Amino acid sequence: MKQLTVFTMFCLLVLASCQKPEDLAPGKDISYSESDFVDNEIINPSTNKNGDRKSNLKVVVRQVNNAENTYRLVLKVDSVSVDLNGDGVDELLPLGENAVVEAGLSLPNPNNPDDNLVVFGQSNLTFRKQNENGYYVFVSDAFTSDFDFDYELVEVSYRIGRWKFDDDASQDPSYTKIVGSGQFFILPNGKTIEQAPKVTNFKAKGPGRAGAGASAVFGSMRLTTFDDPIGQVSSVRLFALVIGINTTKEETKVPLVADFKPIGTSSTIGVTIWANEQCIGNYDDKQTPPVWKCEDELLRPYTSFAVLLASCRLGDKTGAEIATQTIPFYTVTVE
């Protein structure tokens, strides 16, 4: 009898196919205010993405009132970055009255953080320009999804047309079109930012024991820290305790450790996306200097295993602990 223990995370959900309800009025079934549109774009801390931004786009996802699993994507964009003189230097220009927006929405695959799941494409939904108390927003048709967008990182690809601020803009879409994309962190409706760092959205590629090194057991991992507007969190370390069972059915507790590095951040809203630098493993203290061994090597003597517990330790730049938070898991054994 072959035993294989598989673990998954509570937060894993499956996206339903997107469809557009026909009985919803355009945009008047959700609520938002100008204060909702904070700078929530995530940038890579190792690059200067600010220089590559094509617009000042801000993103909100709102649930449609009294409609289960039904949402609208709301975009606030006042200007776009354009090489007006052809000299290679972009200028930020305001949108014209006739500006139009097309946009697509995707989310990270919960079973593979290196992949994306498309909610809808750029040509699937219509965005209508609305004047809300003196500022303009672009509101999408309603769409359905089983995914909970709270504290989720989304990617928005967009095309913005008729960007010129004067009235003689060319009607040729290829002349006026601005194409770009960005990753944005979605705050829950009404959420305010506080300084109390926490962990959410733990995802791991896998699960299973197939392969070796970074593809074994936990594999490629992502998590998000939030409520950290002052950037206090400088290090994230995952601790896991795995129960290994050998051929004699004897149980052994195997401690595992993984360090994370920031791969995207938004200091405005205090959010950072982290990924493991290498496989989850541990130091072999019997060797000098200590050697990092991957979990595949550490767990090789065992025929099956289960995750007993896992937690994340958040540290500041001095190494002092800020907080430790348990990561919820449940295990399923398939015989």
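Residues numbered from 1 in each chain as written. Predicted model: local features only at pLDDT ≥ 70, side-chain atom pairs only at ≥ 80, totals over all residues. Heavy atoms only, no water.

1. Looking at the overall build of the protein
Alright, step 1. Secondary structure summary: the protein contains two helices and 23 strands in total.
Alright, step 2. Relative to its 335 residues, the protein shows a buried fraction of 46%.
Alright, step 3. Partitioning the contacts of the protein with sequence separation of at least 6, the portion at a separation of at least 24 is 65%.
Alright, step 4. Put simply, the protein shows about 16,700 Å² of open surface, and 48% of that area lies on carbon and sulfur atoms. (Helix = DSSP H or I, 4+ residues; strand = E, 2+ residues; numbered from the N terminus. Buried < 20%, exposed > 50% of the residue type's maximum accessible area, 1.4 Å probe, protein only. Contact = heavy atoms within 4.5 Å. Areas by Shrake-Rupley, 256 points an atom, 1.4 Å probe, with all protein chains shown as cover.)

2. Points about the pairing of strand 10 (residues 135–140)
Alright, step 1. With five of six residues buried, strand 10 is to be regarded as a mostly interior element.
Alright, step 2. Looking at chain direction, strand 4 (residues 70–76) and strand 10 are connected through two bridges and run antiparallel. Its bridge partner being in strand 10, V74 is matched across the sheet by V139.
Alright, step 3. Sheet topology places strand 9 (residues 127–132) next to strand 10; six bridges connect them, and they run antiparallel. Following the sheet pairing, K129 is matched in strand 10 by F138.
Alright, step 4. Hairpin remark: strand 9 followed by strand 10, antiparallel, with two residues in the connecting loop; positive phi at N133, about 55°. (Pairing = 2+ DSSP bridges.)

3. Digging into the packing of aromatic side chains
Alright, step 1. According to the stated counting rule, one finds nine aromatic pairs in the structure shown.
Alright, step 2. Ring geometry for F143 and F149: centres 6.2 Å apart, planes at 85°, overall edge-to-face.
Alright, step 3. The class for F149 is buried, based on a relative accessible area of 2%.
Alright, step 4. Among the aromatic residues, those joined into a cluster by ring pairs are Y71, F120, F143, F147 and F149.
Alright, step 5. Here the basic side chain of K129 rests over the ring of Y136, its NZ or CZ set 4.1 Å away from the ring centre. (Phe/Tyr/Trp six-rings, centres within 6.5 Å; stacked < 30°, edge-to-face > 60°. Lys NZ or Arg CZ within 6 Å of the ring centre and 35° of its normal.)

4. Details of unusual backbone geometry
Alright, step 1. In this structure, N66 is a non-glycine residue whose phi angle is positive, near 60°.
Alright, step 2. The topology assignment puts N66 in the loop between strand 3 (58–63) and strand 4.
Alright, step 3. Although it is not a glycine, N69 adopts a positive phi angle of roughly 55°.
Alright, step 4. Along the chain, the position of N69 falls in the loop between strand 3 and strand 4.

5. Some details on the side chain of T224
Alright, step 1. Here T224 lies in strand 15 (residues 221–226).
Alright, step 2. Not counting chain neighbours up to four residues away, the residues in contact with T224 comprise F185, K198, V199, T200, N201, V271, T272 and I273.

6. So, the sheet that holds strand 7 (residues 100–109)
Alright, step 1. A sheet is described by the order of its strands in space; here five strands give the open sequence 2-13-12-7-8, paired in antiparallel fashion. Where the open sheet ends on each side, the last strands, each with one partner, are strand 2 (41–42) and strand 8 (112–120).
Alright, step 2. As defined by bridge partners, strand 12 (residues 152–161) adjoins strand 13 (residues 178–186) across nine bridges and the pair is classed as antiparallel. Looking at the pairing, V156 lines up with G182 of strand 13.

7. Focus on the environment of D150
Alright, step 1. If you trace the backbone, D150 turns up in the loop between strand 11 (143–144) and strand 12.
Alright, step 2. In sequence terms D150 and N201 are 51 residues apart; their C-alpha atoms lie 9.7 Å from each other.
Alright, step 3. Excluding residues within four positions of it along the chain, D150 makes contact with I186 and P188.

8. Regarding a negative patch on the surface
Alright, step 1. Together, D83, D87, D90 and E91 line one region of the surface with negative charge.
Alright, step 2. Topologically, D87 is positioned in the loop between strand 5 (79–82) and strand 6 (91–94).
Alright, step 3. Its relative accessible area of 48% is what places D87 among the partly exposed residues. (Patch = residues over 30% accessible without salt bridge, like charges linked within 9 Å, V, L, I, M, F, W, Y side chains within 5 Å. Salt bridge = Lys/Arg side-chain N within 4 Å of Asp/Glu carboxyl O. Lys, Arg positive; Asp, Glu negative; His and termini not counted. Charge placed at Lys NZ, Arg CZ, Asp CG, Glu CD.)

9. Describing the confidence of the model for the protein
Alright, step 1. The pLDDT averaged across the protein works out to 76; a share of 76% of its residues lies at or above 70.
Alright, step 2. Note on residues 1–24: pLDDT under 50 across the span, and 74 contacts to partners over four residues away in sequence or across chains.
Alright, step 3. Taken together, the stretch residues 207–216 has pLDDT below 50 and engages in 28 contacts with residues farther than four places along the chain or on a different chain. (pLDDT = per-residue confidence, 0-100.)

10. Examining the nonpolar core
Alright, step 1. Counting 31 residues, the largest nonpolar core has L73, L75, L105, F143, F149 and V156 as its most contacted members.
Alright, step 2. Elements supplying a minimum of two residues to this core: strand 3, strand 4, strand 5, strand 7, strand 8, strand 12 and strand 13.
Alright, step 3. Among all residues touching L105, those that are not within four sequence positions of it are L73, V118, V119, F120, F143, F149, V154, E155 and V156.
Alright, step 4. Listed in part, the 22 residues of the second largest apolar core include V254, L256, I280 and C312. (Core = buried A, V, L, I, M, F, W, Y, C linked by side-chain atoms within 4.5 Å.)

11. Here's the deal with the environment of F184
Alright, step 1. Along the chain, F184 falls in strand 13.
Alright, step 2. A residue is classified by how much of its surface remains accessible, and F184, at 1% relative accessible area, is buried.
Alright, step 3. Separated by 32 residues in the primary sequence, F184 and E152 place their C-alpha atoms 8.3 Å from one another.
Alright, step 4. Excluding residues within four positions of it along the chain, F184 makes contact with N40, E41, I42, L57, V59, E152, L153, V154 and V156.

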